[in-house]
Amino acid sequence: MIRVLPPEVVNQIAAGEVVERPASVVKELLENSLDAGAQRIRVEIQGGGAERIAVLDDGGGFAPEDLRLAFASHATSKLAALADLDHIASLGFRGEALASIGAIARCRIVSRRAGDTAGAEIRCDGGQLGELRPAAAAPGTLIEVRDLFFNTPARRRFLRTPQAERARIHELMQKLALVRLDVDFTLVADGQPLLRLPAGTAFEQRVVTAFGRELAGRLWSVERSSGPYTVRGLLADPELARRDSTRELLWINGRLARERAATAAIRQAMRESLMGGRFPVYFLQLGAPPELVDVNVHPAKAEVRFVESRRVAGLLHDAVRAAAQQRGAVAAVGASDPGSAIAERPVARSGFPDLPHDLFARDRPPPVFPFPRSSPTDAPAEAPRPNPFASLPERFLQVHDLWLVFAGTDGIVVVDQHALHERVLYEQLCARDEGRPARIQRLLVPEVVELAPRDKAWLLEAAEALAESGFLVADFGGLAVAVHGIPALLARSSPRALLDTLLADPDDEEARPRARAAIQERFHSMACRAAVRSGDRLQPAEITALVEQARTLRHPHNCPHGRPTTLNWSQAELERWFRRRT
Ligand code: ADP
Ligand code: MG
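Quick caveat, the model's predicted, so the values are computed rather than measured.

Visitor: So what's going on with the overall build of the chain? Residues and values would help.
Guide: Within the chain, the secondary structure is distributed over 16 helices and 23 strands. When each of the 582 residues of the chain is scored for burial, the buried share is 49%. Restricting the contact set of the chain to residue pairs at least 6 apart, pairs at least 24 apart contribute 71%. Surface exposure of the chain reaches about 28,100 Å², of which carbon and sulfur atoms provide 53%.

Written as structure tokens, this is what we have:
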């Protein structure tokens, strides 16, 4: 027997998709306040939000009669007809958030429009709508949510500790607030102010306040546009790359959301300067015509799709690449601002501790910089890092046939000679080939290789770009392709091995290098790997030559695969380490 489910059940099911935890409630309520044009928003939470969440705003408010509909599902003021779905400019549009929240908590809305003489109040208790009553209220809206999941114990059991839930809310609010610099945000947890972001704070400032002082002076600005699309924001020095992707933040028309191809394109653009297994840190805002963005693909609106996915991915790729090459640090950002004064500073991510606890741990890769790059007493921002080889002393120490040690302009410099060698070779290759088609080594007998269907499809699609890089492939029927030529630089490698490397990326096609430049780059780094043998003992003259070449490098700090080439301990850092100064 088929039944139409009663509305409470429908709403509970919807709530399962929209409200996963207290932070999801805060997200929906904040988005509503922003959509209502609020200039000030105050969030209060108790018990990690499970006991109570209250969001108070000074936005447009509800008309009293509309309050009756607030908790009805699919009730929204933001969408009237099907056609509106094509160009959504508000954060909300599904009309499901309040209905979902009302179904699984005890809620209350008190609201007043600026022009009305009095406000009104309505409650909704586990889906049971109360009476509409007049209420005294300042213009704006208060939405209060108590006892989250009180009637869905299974959900309640999935909640983490109040501290953990509170941290999620804190982080979420920092992220949502980043792109609304015109709005004043406050978060109060259990009576204690946790976050205060005054309106008018600069973007960099909010980023540093939210994500840690180590970012100060190490954020590069990104700005580019292509037709109706624009991207702007900040990219962090790749040395600050993380082991997780939680600082890959992209706002699409003001909405924090993910899109696979976009994420892949940005990672691809950074690949060369990131160590394996690290994720870049960026804070980018993409502006796109709303009709070319589909925001209606995820119940919590966390994903979007682009009509012109490739074009957007290309723009992001180019923008990030250019920023990474220019390394143009944004203007000095103070290490503290009015907002951070009371902002809780979670110890684990507000900068390097005095000495990293894992400095001597053996099972981890060595920290990129075992000292804080800037301490509170240092200048607030750092200039782009100078080339460590700029002025060189006569004498070097070669240690274990691998490290070069010498006195730098400030302190001690340690160089990974092979990483440096690769970088030198790589830049020479690039310089040689710039603007010229790659030299091709034609094969007397084409090599025929069978591939998985999607590998073959990708390869043929990229054939033109591959050809520019000197790699000639053609369809050979069935699942086979024929390789007719390979880049001369790679003449010593087998075509099969080259194909394998080209196709070796994660099975996500989007992550594969598509653009001509990316493919060329990949060939170059293959060439480097082929050229450099490790464990070579360099003769003094060779060392001098190598370092001499390093003086003109464009990117002296990393090898083409992103490993650092140098470690520089400044005098100040050495003195701190040896407790000569505090
Ligand atoms: P949506 O945001 O998708 O429209 P919601 O369930 O989140 O759906 O909200 C339903 C409606 O309630 C909104 O369309 C809006 O008209 C109104 N609303 C919600 N929160 C506020 C608020 N803080 N101020 C004014 N109106 C609000
Ligand atoms: Mg909403």
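Visitor: How would you explain the packing of aromatic side chains if you had to name every residue and give the values?
Guide: One pass over the structure, following the stated rule, counts three aromatic pairs. Ring geometry for phenylalanine 396 against phenylalanine 406: centres 5.4 Å apart, planes inclined by 80 degrees, an arrangement best described as edge-to-face. Of this pair, phenylalanine 396 sits in the loop between helix H9 (309-326) and strand E17 (397-399) while phenylalanine 406 sits in strand E18 (residues 403-407); the two residues are 10 residues apart in sequence, bridging distant segments of the chain. With relative accessibility at 4%, the residue phenylalanine 406 sits in the buried group.

Visitor: Quick rundown of the packing of helix H8 (residues 260-270) against H9? Include the residues and the values.
Guide: Look at H8 against H9: their axes get within 8 Å of each other, and the N-to-C directions meet at 30 degrees. What the angle tells us is that H8 and H9 run roughly parallel. Considering how the two elements wind past one another, H8 and H9 form a crossing that is right-handed. Facing H8, whose interface residues are Ala261, Ala262, Ala265, Ile266, Gln268, Ala269 and Met270, H9 presents Ser309, Ala313, Leu316, His317, Val320, Arg321 and Ala324. By residue class, the composition of the contact of H8 with H9 is 10 nonpolar, three polar and one charged.

Visitor: Now, about the site of ligand 1: what can you tell me, with residues and values included?
Guide: The full set close to ligand 1 counts 19 residues, and Asn32, Thr76, Ser77, Lys78 and Gly95 are the nearest of them. A distance of 2.9 Å separates an oxygen atom of ligand 1 from a polar backbone atom of phenylalanine 93. Here an oxygen atom of ligand 1 and a backbone polar atom of arginine 94 are 3.0 Å apart. When isolated, ligand 1 has an accessible area of 540 Å², and the protein chains bury 92% of it.

Visitor: How would you summarise the pattern of salt bridges if you had to cite specific residues and measurements?
Guide: Under the definition given, this model contains 30 salt bridges. Among the salt bridges present, the one from glutamate 171 reaches lysine 175, with a minimum N-O distance of 3.7 Å. Of the two residues, glutamate 171 and lysine 175 are both situated in helix H6 (residues 162-178); the distance of four residues between them amounts to about one turn of the helix. Via salt bridges that share partners, Arg42, Glu44, Arg52, Arg108, Glu121, Arg123, Glu144 and Arg146 belong to a single interconnected network.

Visitor: So what's going on with the pairing of strand E8 (residues 184-189)? Residues and values would help.
Guide: Across the six residues of E8, six count as buried, placing the element largely inside the fold. Burial along E8 is two-sided: Asp184, Thr186 and Val188 facing one way and Phe185, Leu187 and Ala189 facing the other are all buried. Inspection of the sheet shows strand E1 (residues 40-46) paired to E8 by six bridges, in the parallel sense. Across the sheet, the residue bridging to arginine 42 is threonine 186, located in E8. Here E8 pairs with strand E9 (residues 192-197) via five bridges, running antiparallel. Each bridged residue has a counterpart across the sheet, and for phenylalanine 185 the counterpart in E9 is leucine 197.

Visitor: An account of H9 is needed here, citing residue identities and associated values.
Guide: End to end, H9 covers 26 Å across 18 residues, agreeing with the expected 26 Å (1.5 Å per residue, within 8%). For H9, the set of buried residues is Ser309, Val312, Ala313, Leu315, Leu316, His317, Ala319, Val320, Arg321, Ala322, Ala323 and Ala324.

Visitor: Lay out the sheet that holds strand E23 (residues 566-569) in plain terms, naming residues and giving numbers.
Guide: Taken together, four strands build an open sheet; the order of strands is E17-E18-E19-E23 and the sheet is antiparallel. With partners counted over all chains shown, the strands left at the sheet margins are E17 and E23, one partner each. Sheet twist, expressed as the mean angle between neighbouring strand axes with direction ignored, is 20 degrees. Here strand E19 (residues 412-416) runs beside E23; their pairing, made up of four bridges, is antiparallel. Paired with valine 415 across the two strands is threonine 566, which belongs to E23.

Visitor: How would you explain the packing of helix H2 (residues 22-35) against H6 if you had to name every residue and give the values?
Guide: Packing of H2 against H6 brings their axes to within 8 Å, and their N-to-C directions diverge by 30 degrees. In terms of their interaxial angle, H2 and H6 are classed as roughly parallel. For the element pair H2 and H6, the recorded crossing hand is right-handed. Mapping the contact onto sequence places Pro22, Ala23, Val26, Lys27 and Leu30 in H2 and Glu165, Arg168, Ile169, Leu172, Met173 and Leu176 in H6. Taken together, the residues of the contact of H2 with H6 sort by class into eight nonpolar, no polar and three charged.

Reading the values: the criteria
- Residues numbered from 1 in each chain as written.
- Chains lettered and ligands numbered in written order.
- Predicted model: local features only at pLDDT ≥ 70, side-chain atom pairs only at ≥ 80, totals over all residues.
- Heavy atoms only, no water.
- Helix = DSSP H or I, 4+ residues; strand = E, 2+ residues; numbered from the N terminus.
- Buried < 20%, exposed > 50% of the residue type's maximum accessible area, 1.4 Å probe, protein only.
- Contact = heavy atoms within 4.5 Å.
- Areas by Shrake-Rupley, 256 points an atom, 1.4 Å probe, with all protein chains shown as cover.
- Phe/Tyr/Trp six-rings, centres within 6.5 Å; stacked < 30°, edge-to-face > 60°.
- Axes fitted to C-alpha atoms, helices over the stretch in contact; angles between N-to-C directions.
- Parallel < 35°, antiparallel > 145°, perpendicular 65-115°, else oblique.
- Left-handed = near helix turned anticlockwise from the far one by under 90°.
- Nonpolar A, V, L, I, M, F, W, Y, C, P; charged D, E, K, R; others polar.
- Near = heavy atom within 4 Å.
- Polar contact = N/O pair within 3.5 Å; in protein donor to acceptor, adjacent residues only side chain to side chain.
- Salt bridge = Lys/Arg side-chain N within 4 Å of Asp/Glu carboxyl O.
- Pairing = 2+ DSSP bridges.
- Expected span 1.5 Å × (residues − 1).

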